[in-house]
Amino acid sequence: QVQVVESGGGLVQAGGSLRLSCAASGSIFSIYAMNWYRQAPGKQRELVAAMSSGSNTNYADSVKGRFTISRDNAKNTVYLQMNSLKPEDTAVYYCNVHLSLRSGRRGDYWGQGTQVTVSS
């Protein structure tokens with residue numbers, strides 16, 4: 001089995017900062033990408049930030065310059081540093097991990113999500 005667990009969400013004032021963490025564990029052979037998505041009420045889930053195993057990164061235009069994705073490969077953990085937060089950033093943030101199992105199977109795994117609320 002694979003477990004993906006997010007943490008670090010909470011309530012913060014506009015202009016403040018939060019750092020989200022996502023740890024993957026289980027019968028993992030290799031991690032190819034770790035990504036952050038978010039979903040606000042009434043909206044579709046959208047990609048916020050992505051990082052490949054080669055450390056290539058991509059950001060949504062709405063967060064570019066404010067959010068930074070990083071990894072700790074030894075811990076199978078990805079972080080999302082969120083600065084200059086805006087009320088529009090309020091959403092449930094989900095971690096997505098693209099990996100291969102020791103059995104050889106490759107696929108995507110999701111965490112349960114962590115709530116981020118930005119007050120004005």
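Described below are features of the structure shown in this document.

What counts, and at which threshold
- Residues numbered from 1 in each chain as written.
- Predicted model: local features only at pLDDT ≥ 70, side-chain atom pairs only at ≥ 80, totals over all residues.
- Heavy atoms only, no water.
- Helix = DSSP H or I, 4+ residues; strand = E, 2+ residues; numbered from the N terminus.
- Polar contact = N/O pair within 3.5 Å; in protein donor to acceptor, adjacent residues only side chain to side chain.
- Core = buried A, V, L, I, M, F, W, Y, C linked by side-chain atoms within 4.5 Å.
- Buried < 20%, exposed > 50% of the residue type's maximum accessible area, 1.4 Å probe, protein only.
- Contact = heavy atoms within 4.5 Å.
- Phe/Tyr/Trp six-rings, centres within 6.5 Å; stacked < 30°, edge-to-face > 60°.
- Lys NZ or Arg CZ within 6 Å of the ring centre and 35° of its normal.
- Pairing = 2+ DSSP bridges.
- Axes fitted to C-alpha atoms, helices over the stretch in contact; angles between N-to-C directions.
- Salt bridge = Lys/Arg side-chain N within 4 Å of Asp/Glu carboxyl O.

## Focus: the side chain of Arg38
Then, in step 1: By the secondary structure assignment, Arg38 is in strand E4 (residues 28–39).
Then, in step 2: Side chain to side chain, Arg38 and Glu46 meet in a polar contact 2.8 Å long.
Then, in step 3: Engagement of the side chain of Arg38 in a polar contact is seen with the side chain of Ser62, the distance being 3.3 Å.

## A closer look at the nonpolar core
Then, in step 1: Formed by 32 residues in total, the largest nonpolar core has its most connected members in Trp36, Leu80, Met82, Tyr93 and Val97.
Then, in step 2: Of the residues forming this core, the biggest block, six residues, is contributed by strand E9 (residues 91–101).
Then, in step 3: Setting aside its immediate chain neighbours within four residues, Leu80 contacts Leu18, Arg19, Leu20, Trp36, Val48, Ala49, Phe67, Thr68, Ile69 and Tyr93.

## Thoughts on the packing of aromatic side chains
Then, in step 1: Per the stated rule, a full pass over the model turns up one aromatic pair.
Then, in step 2: Directly above the ring of Tyr79 sits Arg19, whose terminal nitrogen or CZ lies 4.5 Å from the centroid.
Then, in step 3: Lying over the aromatic face of Trp110, Arg45 brings its terminal NZ or CZ to 4.9 Å of the ring centre.

## So, unusual backbone geometry
Then, in step 1: With phi around 50°, Asn76 is a residue other than glycine that occupies positive phi space.
Then, in step 2: The exposure class of Asn76 is partly exposed, given its relative accessible area of 26%.

## Thoughts on the sheet that holds strand E7 (residues 67–72)
Then, in step 1: With antiparallel pairing, the four strands of this open sheet are ordered in space as E1-E3-E8-E7. The open sheet terminates on both sides in strands that have one partner only, identified here as strand E1 (2–7) and E7. Within this sheet the neighbouring strands show an average axis-to-axis angle of 15°, counted without direction.
Then, in step 2: Pairing analysis gives six bridges linking E1 to strand E3 (residues 18–26), with the strands arranged antiparallel. Bridge assignment links Val5 to a residue of E3, and that residue is Ala23.

## A look at the pattern of salt bridges
Then, in step 1: Counting across every chain of the model gives four salt bridges.
Then, in step 2: A salt bridge links Arg38 to Glu46, with the shortest nitrogen-to-oxygen separation between them at 2.8 Å.
Then, in step 3: For the salt bridge of Arg66 with Asp89, the shortest nitrogen-to-oxygen distance reads 2.8 Å. You can see Arg66 sitting in the loop between strand E6 (57–59) and E7 and its partner Asp89 sitting in the loop between strand E8 (77–82) and E9, a full 23 residues away along the chain. Side by side, Arg66 and Asp89 carry an identical accessibility label, which is buried.
Then, in step 4: Via salt bridges that share partners, Arg38, Glu46, Arg66 and Asp89 belong to a single interconnected network.

## Structural notes on the environment of Thr57
Then, in step 1: Along the chain, the position of Thr57 falls in strand E6.
Then, in step 2: With 24 residues separating them along the chain, Thr57 and Ala33 place their C-alpha atoms 9.8 Å apart.
Then, in step 3: Each residue touching Thr57, except ones within four places of it in the same chain, is listed here: Ala50, Met51 and Ile69.

Purely spatial values, then, with no claim about function.
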